[in-house]
Amino acid sequence: MARVFITGASNGLGRIAAHSSSLESGRVVMHARNEGRGEEALAVVPSAETVVIGDPRLMIVNRMGVPESPDQFTWT
């Protein structure tokens, strides 16, 4: 069974996708930009595994092994 990662899960289409996916697969990890939105998302989709808080651009970059802090990038 696949785990689904949904960005913007605290409102709009992201919230609908998180809710729908949790009903279908039950393995949903949601994303929110701050803790308040994360708490809202978990209140609406309590069956989600967890909510990840932060900037999704940095999360994706970090998974590729690029330095964690934007200050560490070399701009050319």
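Since the model is a prediction, treat every value here as computed from it, not as a measurement.

Trainee: I'm lost on the environment of Met30 in this one. Help?
Mentor: Among the secondary structure elements, Met30 is positioned in strand E2 (residues 28-32). Taking the relative accessible area as the measure of exposure, Met30 reaches 0% and is therefore buried. The spatial distance from the C-alpha of Met30 to the C-alpha of Ala18 is 6.9 Å, given a sequence separation of 12 residues. Ignoring sequence-local partners within four residues, the contact set of Met30 consists of Phe5, Ile6, Ala9, Ala18, Ala41, Leu42, Val45, Ala48, Thr50, Val51 and Val52.

Trainee: How do you make sense of the pattern of salt bridges when you look at a structure like this?
Mentor: A side chain of one charge can pair with a side chain of the opposite charge if their charged atoms are brought near each other. Applying the stated criterion across every chain, the model contains three salt bridges. The salt bridge partner of Glu40 is Arg15, with a shortest N-O separation of 4.0 Å. Placement of the pair is Glu40 in helix H2 (residues 35-44) and Arg15 in helix H1 (residues 12-24), with a sequence separation of 25 residues. Residue Glu40 is classed as partly exposed on the basis of its relative accessible area, which comes to 43%.

Trainee: So what exactly am I meant to see when it comes to the side chain of Ser10 here?
Mentor: Tracing the sequence through the fold places Ser10 in the loop between strand E1 (4-6) and H1. Residue classification places Ser10 among the buried residues on the basis of a relative accessible area of 4%. Each residue touching Ser10, except ones within four places of it in the same chain, is listed here: Arg15, His31, Arg37, Glu40 and Ala41.

Trainee: Would you explain the sheet that holds E2 in this entry?
Mentor: Backbone-to-backbone hydrogen bonds join strands into a sheet, with any given pair of strands oriented parallel or antiparallel. Strand order across the open sheet formed by three strands is E1-E2-E3, with parallel pairing between neighbours. One side of each edge strand has no neighbouring strand; the edge strands of this open sheet are E1 and strand E3 (50-53). With direction set aside, neighbouring strand axes in the sheet form an average angle of 25 degrees. Bridge count for E1 against E2 is three bridges, and the pairing is parallel. Paired with Phe5 across the two strands is Val29, which belongs to E2.

Rules used throughout
Residues numbered from 1 in each chain as written. Predicted model: local features only at pLDDT ≥ 70, side-chain atom pairs only at ≥ 80, totals over all residues. Heavy atoms only, no water. Helix = DSSP H or I, 4+ residues; strand = E, 2+ residues; numbered from the N terminus. Buried < 20%, exposed > 50% of the residue type's maximum accessible area, 1.4 Å probe, protein only. Contact = heavy atoms within 4.5 Å. Salt bridge = Lys/Arg side-chain N within 4 Å of Asp/Glu carboxyl O. Pairing = 2+ DSSP bridges. Axes fitted to C-alpha atoms, helices over the stretch in contact; angles between N-to-C directions.

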